[in-house]
Amino acid sequence: MFALKYLPILINNEDVSSLKLTPSILDLDWQDTSTKIKRFISNYVKQSGAKGVVLGLSGGIDSCTVAALSALAIGGEKVLGLMLPEEETYNKTDIKHAKLVAQKFSLKTNNIDITSTLKAFYASIPNFDPSDNLCKGNVKARTRMIYLYYYANKFNMIVCGSSDKSETMMGYFTKWGDVAADISPIMDLYKTQVRKLALHIGIPKVVIAKPSSPALWPGQLAEKELGIEYELLDLILYGLEHFMDTEDIGKQLGIEEKLVKSIKSKWLSAEHKRRMLLTMKLEYRTIGTDFRLPRNP
Amino acid sequence: MRKEIKIALAQINSKPGDKTENIKKIKENVVKAKKHGADLVIFPELSLTGYVVRDQIYELAETIPGPATRTIEAIAKKSNTYIIFGMPEISEKTQATLHNAAVLIGPEGLVGKYRKMYLPTHSVFEEKRYFRPGYQTAVFDTKLGKIGLTICYDIFFPEVFRLARLNGAQLIVCISASPAIRRAFFEILTLARAIENTAFLAYVNLVGIEDGLQFWGGSRLVGPNGKVLVQTRYDEEDFVTCDINYGDIKPMETFVPTLKDLRSELLEKLKNSAENL
């Protein structure tokens, strides 16, 4: 994709460093992008011999988009959206939105209240601190992962993740929780790009327009927690992705370099969450370092 | 030597690590090409093994000649066609020194091979980790004309194509395994290499998704004037044939006389500058 954007720049004899961080730089051919993602999903399902995909369907934009793309790729009857609400963050509107998308794209759903499971977890942890939102919230995300993998195991399906590039770069997810999946079809798209793709494939506008939330505790909002709106964050991340220095990014976007540096620092320091199992090299070939094998599903 | 030939571009989706399956597919396409009256069938880079095979490459690589080329020789002989395909080659003199090779086989047997000179090792590519670069251009004088072989990333280096042309190539073949994000580059470079060398250029790219990399296909045959004579579909397996006439080179070579105007002293300067980059 970057090639398509760079070419006009090269043709105009400008230097590549003259990359302009304007919202249009995030534009892609959405028809082509959705075709590619659908092919990616159907190809993986076919190669793996799975009967379909299971995914967590929160009613948020990311999961609704991935659910819809999965249904368009392999047929809604092969897509199971698990709605996994719990009492603290129960949101009627989200459930309504999840159902709306499920109906529109003809996918199967299952609504399982996980409150009792979570309570059992909390009660069984000797040092459980109910006031620690982060630790408690992560238990929720990881519990949902257990449900998804149970269904995947039981019904020979693959787990389809719905993390986007903005939150993944920022480390804004639960390690082994919401990010755990077999494939992650939209992980190379920033949040604002997911919004455009969602619109293109027909996700209802009410779903696209509402503020994102991981729903790990009541009132949690992604942009508030990240301290920045996605429109700006995505352009900063795009600049960092393209090896721009922080000073240039700050100047172009009319913001303090300090903010860009803090985003860069969050991105880099979260690498441990994006990689598998760090080990120590002791032998001839080592898992995760120089054991390089193709990923045959 | 014939002046007019029919070329088939066989844009296949190779199954990573499965040579038996891929040879079967090569055979099917050659049979199909023969039915279309093709003289030459071209397959993508590393089409024998698939592109993303990583450490498995050590098990998959073969000598040239070797079992795979002998099987393809039998196919070429039976169908009386020429075949170009890509495979990992292991040197006969060593046990783990590999090359990314393009092989030309005809009804008469193995005609020759080319070892990829420019091995991409950046972005998603890790070819230098596995392969040793080649040092020679490869142009073969066949019944179908003088055919030069190149592979994928070589196309970013005009000197590879220029050398092939200076060694007489009328048809330069570039077999490829290019992922989707690079399509715009290749669509320009295939035209540029054909025009600047006033030669036919056959570009055959892989398709399919390997390890999250979507190879985009879009194989094409370009005339010496830069005209795309035929093109396959994007992203999916496809097969096309096209007739070419080497007589089309002459009017272009007189109209854009790049070979006549070539300044050899600049090449020496290029060499010196490259060494001091």
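Look a little higher up for the structure.
All values derive from a computational prediction rather than experimental measurement.

Novice: Is there a simple way to think about the interface of chain A and chain B in this case?
Specialist: Where interface size is given, it is often the accessible area lost as the parts come together that is meant. If you look at the interface, chain A gives 18 residues, while chain B gives 19 residues. Regarding the contact of chain A and chain B, the summed buried area is about 1700 Å², with carbon and sulfur atoms giving 56% of it. At the surface where chain A touches chain B, the tally comes to three salt bridges. As a salt-bridge pair, A:R292 and B:E126 come within 2.8 Å of each other at their nearest N and O atoms. At the boundary of chain A and chain B, one finds five residue pairs in polar contact (both at pLDDT 80 or more). Breaking the side of chain A that touches chain B down by element, the ones donating at least two residues are α1 (2–11) and α2 (30–48) of chain A.

Novice: Looking at this structure, how should I read the nonpolar core?
Specialist: Side chains of a nonpolar character, in soluble globular proteins, are inclined to be buried together. One finds B:L40, B:I42 and B:L171 to be the most contacted residues of the largest nonpolar core, which totals 49 residues. When near neighbours in sequence (up to four residues on either side) are disregarded, B:L40 contacts B:K6, B:I7, B:A8, B:Y82, B:I83, B:I84, B:L104, B:L144, B:I147 and B:L171. Core analysis: the second largest hydrophobic core is formed by 38 residues, A:L57, A:C64, A:M83 and A:A198 among them.

Novice: Honestly, the packing of helix α11 (residues 230–241) of chain A against helix α12 (residues 246–253) of chain A in this entry has me stumped. Any pointers?
Specialist: Between two packed helices, what matters for the description is the angle formed by their axes and the separation of those axes. All names here are of chain A. Contact pair α11 / α12: the axes reach a minimum separation of 10 Å and the direction vectors enclose 145 degrees. Crossing handedness for the pair α11 and α12: right-handed. Between α11 and α12, the contacting residues are L232, L235, I236, G239 and L240 on the first element and T246, I249 and L253 on the second. A class-by-class count of the residues in the contact of α11 with α12 yields six nonpolar, two polar and no charged.

Novice: Before we go on, may I ask you to explain the packing of aromatic side chains in this structure?
Specialist: Centre-to-centre distance and the angle between the planes together describe a pair of aromatic rings. All names here are of chain B. Summed over all chains, the structure comprises 16 aromatic pairs over all chains. Between Y153 and F157, the aromatic rings sit 5.1 Å apart at their centres with planes inclined by 85 degrees, giving edge-to-face as the arrangement. Accessibility classification places Y153 together with F157 in one group, the buried group. An angle of 35 degrees between the planes, with centres 5.5 Å apart, marks the rings of F186 and Y203 as tilted. Taken together, the residues span a long stretch of sequence, with F186 in helix α6 (residues 183–197) and Y203 in strand β9 (residues 200–205) at a distance of 17 residues. Like Y203, F186 is buried. Each member of the aromatic cluster is reached from another via a ring pair, and the members are Y118, Y153, F156, F157, F185, F186, Y203, W216 and Y234. Seen from the ring of Y234, R183 lies directly overhead, with NZ or CZ sitting 3.8 Å from the centre.

Novice: Could you clarify how one ought to interpret a nonpolar patch on the surface in this entry?
Specialist: Residues and elements named next belong to chain A. A grouping of F121, I125 and I146 is seen on the molecular surface, where their side chains present a nonpolar patch of about 230 Å² in accessible area. Locating F121 in the fold gives a position in helix α5 (residues 115–124). Classification of F121 by relative accessible area gives partly exposed; the value is 31%.

Novice: Can you help me understand the environment of A:N156 in this one?
Specialist: Its location among the elements puts A:N156 in the loop between α6 (133–155) and β4 (157–159). Ignoring sequence-local partners within four residues, the contact set of A:N156 consists of A:G49, A:A50, A:K51, A:G52 and A:Y151.

Novice: So what exactly am I meant to see when it comes to the environment of B:D154 here?
Specialist: Residue and element names in this part refer to chain B. Counting through the fold element by element, D154 comes out in the loop between β7 (145–151) and α5 (158–166). When the C-alpha positions of D154 and C174 are compared, they lie 8.2 Å apart, and in sequence the two are 20 residues distant. Excluding residues within four positions of it along the chain, D154 makes contact with Y114, K116, M117, Y118, V160 and F161. In this structure the side chain of D154 is engaged in a polar contact, spanning 2.9 Å, whose partner is the backbone nitrogen of I151.

Novice: Sorry, what's going on with the environment of A:Q220 here?
Specialist: Residues and elements named next belong to chain A. Within the secondary structure, Q220 sits in the loop between α9 (205–209) and α10 (222–226). Along the chain, Q220 and T89 lie 131 residues apart, while their C-alpha atoms are 9.0 Å from each other. In contact with Q220, other than residues within four places in its own chain, are Y172, S213, P214, A215 and E225.

Novice: So what exactly am I meant to see when it comes to the pairing of strand β1 (residues 4–11) of chain B here?
Specialist: Moving residue by residue along a regular strand, the side chains alternate between the two faces of the sheet. Residue and element names in this part refer to chain B. Taking burial as the measure, the eight residues of β1 include seven buried ones, the bulk of the element. Summarising the sheet, β1 and strand β14 (residues 238–245) pair through eight bridges and their orientation is antiparallel. Bridging from a neighbouring strand, Q11 pairs with D238 of β14. Where β1 and strand β2 (residues 40–42) come together, three bridges link them in parallel fashion. In the sheet register, A8 faces β2, and the bridge partner there is V41. Chirality of the crossover, the property in question, places the unit of β1, helix α1 (residues 19–35) and β2 among those that are right-handed.

Novice: How do you make sense of the sheet that holds strand β3 (residues 108–111) of chain A when you look at a structure like this?
Specialist: Where strands meet in a sheet, backbone hydrogen bonds hold them as pairs that are either parallel or antiparallel. All names here are of chain A. Taken together, the four strands give an open sheet; going across it, the order is β3-β2-β1-β4, and neighbouring strands pair in parallel fashion. Each edge of the sheet is formed by a strand with only one pairing partner; in this case those strands are β3 and β4. Here the average twist between neighbouring strands, direction ignored, is 25 degrees. Direction of pairing for strand β1 (residues 52–56) relative to strand β2 (residues 79–83): parallel, over a ladder of four bridges. Its bridge partner lying in β2, G56 is registered against L82. Sitting on the sheet, α6 is in contact with β1, β2, β3 and β4, with an inclination near 160 degrees to β4.

Thresholds, definitions, all that
- Every chain's residues receive numbers from 1 upward, in the order its sequence appears when written.
- To read the labels, note that chains go from A and ligands from 1, taken in the order they are written.
- pLDDT decides what is reported in this predicted model: residues at 70 or higher carry local features, side-chain atom pairs at 80 or more are listed and counted, and totals for whole chains, interfaces and linings draw on all residues regardless.
- Calculated side-chain values reflect all of the structure's heavy atoms, with hydrogen atoms and water omitted.
- Contacts: residue pairs with any heavy atoms within 4.5 Å of one another.
- By definition, the buried area sums, over both parts, the 1.4 Å-probe accessible area that each loses when the two are put together.
- Here a salt bridge means any side-chain nitrogen of Lys or Arg lying within 4 Å of a carboxyl oxygen belonging to Asp or Glu.
- Whenever two N or O atoms come within 3.5 Å, that pair is a polar contact, provided that in protein one can donate a hydrogen and the other can accept it, and provided that, for residues adjacent in sequence, both atoms are side-chain atoms.
- Secondary structure counts use DSSP, requiring at least four H or I residues in a row for a helix and at least two E residues in a row for a strand, with both numbered from the N terminus.
- The nonpolar core is taken to be a set of buried Ala, Val, Leu, Ile, Met, Phe, Trp, Tyr and Cys residues, with the residues joined through side-chain atoms within 4.5 Å.
- Between buried and exposed lies partly exposed: a residue is buried under 20% and exposed over 50% of the maximum accessible area for its type, with that area taken using a 1.4 Å probe on protein chains only.
- Under this scheme, a helix contributes an axis fitted over its contacting stretch, all axes are lines through C-alpha atoms, and angles between N-to-C directions fall in the 0 to 180 degree range.
- The handedness criterion is simple: a crossing whose near helix is rotated anticlockwise from the far helix by less than a right angle is left-handed, and one whose near helix is rotated clockwise is right-handed.
- Polar here means any residue other than Ala, Val, Leu, Ile, Met, Phe, Trp, Tyr, Cys and Pro, which are nonpolar, and Asp, Glu, Lys and Arg, which are charged; Gly is therefore polar.
- Between the rings of Phe, Tyr and Trp (Trp by its six-membered ring), a pair exists once the centres lie within 6.5 Å; its type follows the angle of the planes, with under 30 degrees stacked, over 60 edge-to-face, and the other angles tilted.
- Placement of a charge over a ring requires the Lys NZ or Arg CZ to be within 6 Å of the ring centre, with the centre-to-atom vector within 35 degrees of the ring normal.
- In this analysis, a patch consists of residues with relative accessible area above 30% that form no salt bridge, clustered at 9 Å for like charges and at 5 Å for the nonpolar side chains Val, Leu, Ile, Met, Phe, Trp and Tyr.
- All accessibility values rest on the Shrake-Rupley procedure with a 1.4 Å probe; residue burial counts only the protein chains present in the view.
- Two strands qualify as a pair provided DSSP detects at least 2 bridges between them.
- With the strands aimed away from the viewer, a crossover counts as right-handed if its path from the first strand over the helix to the second runs clockwise.

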